[in-house]
Amino acid sequence: MAYYSIQGIPLTSLAKEFATPLYVYDADKIREKISVLRSSFQGFPLSIKYACKANTNLAILRLMLANKVDLDVVSPQELELGLMAGYEGSQITFTPSGVDFSEIEFAVSKGAMVNLDNLSVLEKFGQAYGNSVSCLIRIKPHVFGGGNAKIMTAHPESKFGISIHQKEEILAIVQRYGIQVSGLHQHTGSDIKDGKTFQQAASALFDFAKDFKDLEIIDLGGGFKVPYSPEDPGVDMQEVGGLMSRAFLDFCASYGRPLRLWIEPGKFLVSEAGTFLAQATVVKKDPIKTFLGINTGLNHLIRPMMYGSYHYIFNASNTNSSEQENYRIVGNICETDTFSFDYDGNQNERMLNKVQEGDVIALANAGAYGFTMASHYNSRFLPAEVLIDQGKAVIIRKRETLDDLTRNQVF
Ligand code: LLP
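Residues numbered from 1 in each chain as written. Predicted model: local features only at pLDDT ≥ 70, side-chain atom pairs only at ≥ 80, totals over all residues. Heavy atoms only, no water.

1. Let's talk about the site of the ligand
Now for step 1: Near the ligand there are 17 residues, and of these S190, E264, K267, R303 and Y369 occur at the shortest range.
Now for step 2: Between K53 and the ligand, the recorded distance is 3.0 Å, taken from a side-chain N or O atom to an oxygen atom.
Now for step 3: A distance of 2.7 Å is found between an oxygen atom of the ligand and a side-chain nitrogen or oxygen belonging to K267.
Now for step 4: In isolation the ligand offers 570 Å² of accessible surface; the protein chains occlude 92% of this area.
Now for step 5: Split by residue class, the shell around the ligand holds six nonpolar, six polar and five charged.
Now for step 6: Structurally, the shell around the ligand is a two-domain feature, drawing no fewer than three residues from each of domain 1 (41-267) and domain 2 (274-406). (Near = heavy atom within 4 Å. Polar contact = N/O pair within 3.5 Å; in protein donor to acceptor, adjacent residues only side chain to side chain. Areas by Shrake-Rupley, 256 points an atom, 1.4 Å probe, with all protein chains shown as cover. Nonpolar A, V, L, I, M, F, W, Y, C, P; charged D, E, K, R; others polar. Domains from an automatic or database assignment.)

2. Here we look at the domain arrangement of the chain
Now for step 1: The domain architecture assigned to the chain consists of domain 1 (41-267) and domain 2 (274-406).
Now for step 2: Taking both sides of the interface into account, the surface hidden between domain 1 and domain 2 amounts to around 1600 Å²; carbon and sulfur atoms contribute 54%.
Now for step 3: For the domain 1 face of the interface with domain 2, the top three residues by lost area are A54, N57 and Y228, together amounting to 33%.
Now for step 4: On inspection of domain 1 and its partner domain 2, the count reaches zero salt bridges.
Now for step 5: Run the count over domain 1 and domain 2 and you get eleven residue pairs in polar contact (both at pLDDT 80 or more).
Now for step 6: Residue contributions to the side of domain 1 that touches domain 2 peak at three residues, all from helix 3 (residues 58-66).
Now for step 7: Residue composition of the side of domain 1 that touches domain 2, by class: nine nonpolar, five polar and five charged. (Buried area = accessible area lost by both parts, 1.4 Å probe. Salt bridge = Lys/Arg side-chain N within 4 Å of Asp/Glu carboxyl O. Helix = DSSP H or I, 4+ residues; strand = E, 2+ residues; numbered from the N terminus.)

3. Section: the packing of aromatic side chains
Now for step 1: With the rule as written, the count across this model stands at 16 aromatic pairs.
Now for step 2: Consider the rings of Y23 and F276, whose centres lie 4.2 Å apart with planes at 20°: the pair is stacked. With Y23 in strand 3 (residues 22-26) and F276 in strand 13 (residues 274-285), the pair connects residues that are 253 residues apart, well separated along the chain. Exposure class is identical for Y23 and F276. Each is buried.
Now for step 3: With a centroid separation of 5.5 Å and 25° between ring planes, the pair formed by F208 and F212 is classed as stacked. We note that F208, like F212, is buried.
Now for step 4: Following the ring pairs from residue to residue traces out a cluster consisting of F44, F206, F248, F251 and Y255.
Now for step 5: Directly above the ring of F208 sits K167, whose terminal nitrogen or CZ lies 5.4 Å from the centroid. (Phe/Tyr/Trp six-rings, centres within 6.5 Å; stacked < 30°, edge-to-face > 60°. Buried < 20%, exposed > 50% of the residue type's maximum accessible area, 1.4 Å probe, protein only. Lys NZ or Arg CZ within 6 Å of the ring centre and 35° of its normal.)

4. Focus: the pattern of salt bridges
Now for step 1: Counting across every chain of the model gives 16 salt bridges.
Now for step 2: A salt bridge links K289 to E349, with the nearest nitrogen and oxygen atoms 3.7 Å apart. On the criterion of sequence distance, the pair formed by K289 in the loop between strand 13 and strand 14 (290-294) and E349 in the loop between strand 16 (324-330) and strand 17 (350-353) is long-range, its members being 60 residues apart.
Now for step 3: Overall, E349 belongs to the partly exposed group, its relative accessible area being 22%.
Now for step 4: Taking the shortest distance from any N to any O, the salt bridge between E385 and R397 comes out at 2.5 Å. One end of the pair, E385, is in strand 19 (residues 384-389); the other, R397, is in strand 20 (residues 392-397), and twelve residues separate them in sequence.
Now for step 5: The class for R397 is partly exposed, based on a relative accessible area of 32%.

Laid out in structure tokens, this is it:
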């Protein structure tokens, strides 16, 4: 799984030219993922709504727009970024959770479609707009997605969506105000690879949808698993897309007219396109284990420490696999910030081609929820970002300076 260049540019050259820590994205990989998705869902109009919380760099948003991928946003700021990237409000869906109604009003004022996930918000929406603005309603289907419980969103105890058992309350509010419900939505969670889970959630939503007479859209969310480790093939998109497509077409037949299918992938589109480059700062030979310290930490890639996530890690400076060592790969933050987790979510060691201090260490699958979840903890600068397109590497986020840490401080 190790790769030493992207579009012909060696990772070591990128580290040298742009310095580390550095997020690098491969535009071709994103385009490839878009076309895999399009070819996996067949037989009806499909809209891909990129869940941009995964990566909101404007260059990535522009790339999505150029490839006719719409946006799913979760905050007014993501919405503004979408508009800045050149999206029309009507190409954006606002799917927030637990926000003040003023955020819904903001999204409506920008022409975005809003996705409502609480009865009180639906009521306020009816009072504010009656039948003049259409909306989606997010349902919680009470489905367990399997996988990591921290990123599952459709189970009975999840805060997301209106429970599937509250259909009567929803319908009463919809009728009271004549609300135009143009679509129903559900999102099961992230890192899901089992087609049956998607099928189960979809069929719960289809069953629920029968009582909504004016639907135009069914939104089945995102959550398609990517192959984080060599042993894990990720989702079989053709298979899952085929299953979901057949179920959707059956639903349209029983509903009595064709509808549009929306999906909202984040990870699937951008995760594998991203590589996070760091530098080996220290090799610490401890009597018990060898630590490999790199010039980044949980402040820049929090997924391992937050979810116990596995990221494939390799030494981009040494292609010689005949001499390998076992390293516990750790960050430079004043916390235990381990990057090397095993498949069961435990801190562990990884075999790497022998590391010298100064080598470039690469972490794969860093395009989604990498930079967007990064912070300034320990007052360190955020990483820079580079996009590689048509064989050229272009900086798309400059390295920070002390001004970025102090700009809004009053002292
Ligand atoms: N739609 C909704 C309503 C969502 O909440 C999400 C993700 C997505 C779509 C996209 O899910 P994806 O295709 O990326 O799995 N930070 C975690 C993932 C949290 C996902 C939050 N919602 C991680 O790094 O694994």
